[in-house]
Amino acid sequence: MTIIKTLDIPSTPDELTKVDEVAERVAEEMSFSKDEKDDIAISVSEAVNNAIMHGNLANPKKMVHITFIRERDSLIVKVRDEGNGFNPDDLPDPTSPENLLRLKGRGIFIIRQLMDEVTHRKTNEGMEVTLVKKKNAG
Ligand SMILES: Nc1ncnc2c1ncn2[C@@H]1O[C@H](COP(=O)(O)OP(=O)(O)O)[C@@H](O)[C@H]1O
Ligand SMILES: [Mg+2]
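The structure reproduced in this document is the subject of the present report.

Cut-offs and rules
- Residues numbered from 1 in each chain as written.
- Chains lettered and ligands numbered in written order.
- Predicted model: local features only at pLDDT ≥ 70, side-chain atom pairs only at ≥ 80, totals over all residues.
- Heavy atoms only, no water.
- Helix = DSSP H or I, 4+ residues; strand = E, 2+ residues; numbered from the N terminus.
- Rg over C-alpha atoms; globule rule 2.2 N^0.38 Å.
- Buried < 20%, exposed > 50% of the residue type's maximum accessible area, 1.4 Å probe, protein only.
- Near = heavy atom within 4 Å.
- Polar contact = N/O pair within 3.5 Å; in protein donor to acceptor, adjacent residues only side chain to side chain.
- Areas by Shrake-Rupley, 256 points an atom, 1.4 Å probe, with all protein chains shown as cover.
- 1 Å grid on protein atoms, 1.4 Å probe; cavity = no way out; pocket = protein on both sides within 12 Å on 5 of 7 lines; lining within 4 Å.
- Sits in = over half its atoms within 2 Å of the grid points.
- Pairing = 2+ DSSP bridges.
- Core = buried A, V, L, I, M, F, W, Y, C linked by side-chain atoms within 4.5 Å.
- Contact = heavy atoms within 4.5 Å.
- Points joined across faces, edges and corners; volume = space filled by probe spheres on them.

The helix and strand tally for the protein stands at 3 helices and 5 strands. When the helices and strands of the protein are placed in sequence order, the string is β-α-α-β-β-α-β-β. The C-alpha atoms of the protein give a radius of gyration of 15 Å, which matches the 14 Å a tight globule of 138 residues would have. Seen along its three principal axes, the alpha-carbon backbone of the protein occupies a region of about 40 × 40 × 25 Å. Expressed as a percentage of the 138 residues in the protein, the buried residues total 42%.

This part is about the site of ligand 1. The immediate surroundings of ligand 1 are formed by N50, H54, G55, D81, F86, L91, K104, G105, R106, G107 and I108. At a separation of 3.5 Å, a nitrogen atom of ligand 1 approaches a polar backbone atom of G55. One of the backbone N or O atoms of I108 is found 2.9 Å from an oxygen atom in ligand 1. Within the complex, the protein chains bury 76% of what would otherwise be the 540 Å² of accessible surface of ligand 1. Put simply, ligand 1 lies in the largest pocket. The greatest single-element share of the shell around ligand 1, amounting to 3 residues, is contributed by helix α2 (residues 34–55).

This paragraph deals with the pairing of strand β2 (residues 63–71). As judged from the 8 bridges shared by strand β1 (residues 2–10) and β2, these two strands associate in the antiparallel manner. For I3, the partnering residue across the bridge sits in β2 and is I69. The pairing of β2 with strand β3 (residues 74–80) spans 7 bridges and is classified as antiparallel. The residue of β3 that forms the bridge with I66 is V79.

Below, the discussion takes up the nonpolar core. Counting 26 residues, the largest nonpolar core has V48, I66, F68 and V79 as the members making the most contacts within it. Of all the elements in the fold, those that place two or more residues in this core are β1, α1 (16–29), α2, β2, β3 and β5 (127–134). Once you skip the residues sitting within four places of it in the chain, V48 turns out to touch I9, L16, V19, V64, I66 and V79.

Attention shifts here to the layout of surface pockets. Reported here for the largest pocket is a volume of approximately 820 Å³. If you go around the largest pocket, you meet 36 residues; those closest to its centre are N50, H54, F86, L91 and I108. Take the lining of the largest pocket: its biggest share by element is 7 residues, from α2.

We now examine the environment of L16. Along the polypeptide, L16 turns up in helix α1. Along the primary structure L16 and G126 are separated by 110 residues, whereas in three dimensions their C-alpha atoms are 19 Å apart. Every residue in contact with L16, bar those within four places of it in the chain, is listed here: S45, V48, N49 and I52.

Written out as structure tokens, the structure is:
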């Protein structure tokens, strides 16, 4: 397990560009395919956006901590906020008929589709989401 990069950003939406660039670069360095790179960039952006908006309530004094880890042919990305957390098993299903036309509430669903493993954990410091993408997993 090798830590490739750590990023600590204040909770403002304009930090998302920087995070996106780093995610793309890390995926590039690990030789992920174009599609896999897109999956990683979208998922990291959604997770960081959630950490900024829902976790830290866009309070610029609160930080989002992002760690990129390499393990064999997998990239692991950890995103931690400084908020109170939530129950990820308790979310409305965005594919159910009454939710189909809603524009919000799709981020975690999309992350779960695009990544190989997604886990949420409530820590003493805040909510932490761990994203795993395996190379050539299809
Ligand atoms: N880091 C977080 N801290 C607290 N609540 C969160 C966090 N991430 C997600 N949530 C909760 O889960 C819900 C679903 O998130 P998501 O699927 O990304 O949809 P959206 O962000 O559009 O609401 C959010 O509306 C919020 O209530
Ligand atoms: Mg979201």
